Amino acid sequence: MKLSVFTVAAPDLSPEELGEAAASAGIAGLEWRCKETPAELLNEAPSFWGNNKCTIPPDAGEAEIGRFRQAAARSGRKAIAVTPYLSCGDVEGTERIMRLARSLDASMVRVGVPGYDRTKPYGELYEQAIGYLREVERLALDYGVKALVETHHVTIAPSASLAHRLVSPFNPDAIGVLYDPGNMVHEGYENYRMGMELLGPYLAHVHVKNAAWRPAAASGDAADHLETVEWTSGWAPIANGVVPWKQVLRDLKAVGYDGWYGVEDFSGTFDTRTMLRAYANQMNRWTEEIL
């Protein structure tokens, strides 16, 4: 099993510390989080999406790129992806990230997908995304870096089938899907194997995390004695959420997937080093059980 880690899940570690921690856990691949960190966040405590110490900025210079390259090389890890927060339509920004990925010897980049909040119709957002991905395909072929559309809640690609609709007009060597069952707990669940079969050659990468639904609030109606229960979804440790990861691994094996599995835990249950070891041990254990 080829395990990687998306560094958004390691906010308290420097690139050098992350490389060492990944090596200790037996995790071979690094997915560098890519985003600007505003100056006002630098004095805050480390956090996933705030002051994340394991983040490379999109406009990184040669010295900073060299630091991240060395962090991977010294720990014997491989940079497999640069994962930014691109907006759909930002062709210039996408090219900048692909150039950065090539400098880091990474082969994949996550690209932008329109969000969906009911203010614009799906059809309009779909056409916007197709126009953008047409440009992305050209860039991906030029730079030799695969563009990834992630299955992600609150976007127009929350499920395997909707992600497939976006990428299917394009060359699977240039554009693929980052399949994230944890995100699909919040929105987009479909039978895992069916979705994988549909994606076929577009199934390019997998993220490993979990989530669960919990009651958020309840209110009674005195008139008819009915109780309304509201539910909310939140992150959970890998073995304690809705996603049956052993079954997902069986399904991935059945469709012949042989790519990377990217650790990405947001449950806050473990410190970062413990989380990396726990995820690696659990994934390897399940893999042995299904062989």
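Being a predicted model, the structure only gives us computed values, none of them experimental.

A. Looking closely at the overall build of the protein chain. For the protein chain, the count of helices and strands is 9 helices and 11 strands. Computed over the C-alpha atoms, the radius of gyration of the protein chain is 19 Å, within 12% of the 19 Å expected from 2.2 N^0.38 for a compact globule of 291 residues. Counting across all 291 residues of the protein chain, residues that qualify as buried make up 52%. Split by element, the accessible area of the protein chain, about 13,100 Å² in all, is 48% carbon and sulfur. Of the side chains in the protein chain, 28 bear a positive and 38 a negative charge, and the two mean positions are spaced by 6 Å.

B. Region of interest: the packing of helix H4 (residues 122-143) against helix H5 (residues 160-167). Orientation of H4 relative to H5, taken along the N-to-C sense of each, is 50 degrees, at an axis distance of 9 Å. By the angle class used here, H4 and H5 are oblique. Here H4 contributes Tyr122, Tyr126, Ala129, Ile130 and Leu133 to the contact with H5, which in turn contributes Leu162, Arg165 and Leu166. In terms of residue class, the contact of H4 with H5 is built from 7 nonpolar, no polar and 1 charged.

C. Highlighting helix H2 (residues 62-74). The end-to-end C-alpha distance of H2, which contains 13 residues, comes to 18 Å, matching closely the 18 Å that a straight helix rising 1.5 Å per residue would cover. Elements that come into contact with the buried residues of H2 comprise helix H1 (15-25), strand E2 (29-34), strand E3 (55-56) and helix H3 (91-103). One or two residues past the end of H2 sits Gly76, with phi positive at roughly 70 degrees.

D. Layout of unusual backbone geometry. Look at Arg118: it is not a glycine, yet its phi comes out positive at around 75 degrees. Within the secondary structure, Arg118 is located in the loop between strand E5 (108-110) and H4. Here the phi dihedral of Val154 falls at roughly 60 degrees; this positive angle occurs in a residue that is not glycine.

E. How the structure looks around the environment of Val145. Tracing the sequence through the fold places Val145 in the loop between H4 and strand E6 (146-150). Owing to a relative accessible area of 3%, Val145 belongs among the buried residues under this scheme. Here the alpha-carbon distance between Val145 and Ala254, two residues 109 residues apart in the chain, equals 27 Å. Those residues in contact with Val145 that lie beyond four places of it in its chain are Met98, Ala101, Ala106, Ser107, Met108, Val109, Ala140 and Ala174.

F. Summary view of the side chain of Asp251. Along the chain, the position of Asp251 falls in helix H8 (residues 245-254). Buried and unpaired, Asp251 has no salt bridge, with Arg193 as the nearest side chain of opposite charge at 4.8 Å. With residues up to four places along the chain from it excluded, the contact list for Asp251 reads Tyr192, Arg193 and Met196.

G. Inspection of empty space enclosed by the protein at higher detail. Considering all chains together, one arrives at 1 cavity of 30 Å³ or more under this definition. Here the largest cavity is characterised by a volume of approximately 30 Å³. Together, Glu31, Ala81, Val82, Thr83, Met108, Val109, Arg110, Leu148, Leu178 and His205 line the largest cavity.

H. Quick look at the environment of Gln247. Position of Gln247 among the secondary structure elements: in helix H8. Sequence spacing of Gln247 and Glu137 is 110 residues, and the spatial spacing of their C-alpha atoms is 33 Å.

Parameters and conventions
Residues take numbers from 1 onward in each chain, read along the sequence in its written order. Residue-level local features of this predicted model are given only where pLDDT is at least 70; pairs of side-chain atoms are given and counted only at 80 or more, and the full residue set underlies all totals for whole chains, interfaces and linings. Only hydrogens and water are removed before side-chain values are computed, so all heavy atoms of the structure are retained for them. Numbering of helices and strands runs from the N terminus; a helix is a DSSP stretch of H or I covering at least four residues, while a strand is a stretch of E covering at least two. Just to be clear, the radius of gyration here is over C-alpha atoms, and the globule rule we use is 2.2 Å times residues to the power 0.38. Think of it in three bands: with a 1.4 Å probe and only protein chains considered, a residue is buried below 20% of the maximum accessible area for its type, exposed above 50%, and partly exposed in between. For the area figures, the Shrake-Rupley method with a 1.4 Å probe applies, and any residue is considered shielded solely by the protein chains shown. Residues scored as positive are Lys and Arg, those scored as negative are Asp and Glu, and His as well as the terminal groups of each chain are ignored. The location of each charge is read from NZ of Lys, CZ of Arg, CG of Asp or CD of Glu. Where helices are involved, their axes are fitted lines through C-alpha atoms of the stretch in contact, as for all axes, and angles between N-to-C directions lie from 0 to 180°. To sort the angles, those under 35 degrees are grouped as roughly parallel, those over 145 as roughly antiparallel, those from 65 to 115 as roughly perpendicular, and the leftovers as oblique. Contacts are assigned to residue pairs with any non-hydrogen atoms lying within 4.5 Å of each other. The nonpolar class holds Ala, Val, Leu, Ile, Met, Phe, Trp, Tyr, Cys and Pro. Asp, Glu, Lys and Arg form the charged class, and all remaining residues, Gly among them, are polar. Here a helix's expected span is defined as the number of its residues, less one, multiplied by 1.5 Å. The salt bridge criterion pairs a side-chain nitrogen of Lys or Arg with a carboxyl oxygen of Asp or Glu, the two atoms within 4 Å. Only protein atoms enter the 1 Å grid used here, on which a cavity is any set of points holding a 1.4 Å probe that cannot leave and a pocket is any open set flanked by protein within 12 Å on both sides along at least five of seven lines; residues with an atom within 4 Å of a point are listed as lining. Grid points are joined across faces, edges and corners, and a volume is the space filled by probe spheres set on the points.

Shape is all these values report; function is a separate question.
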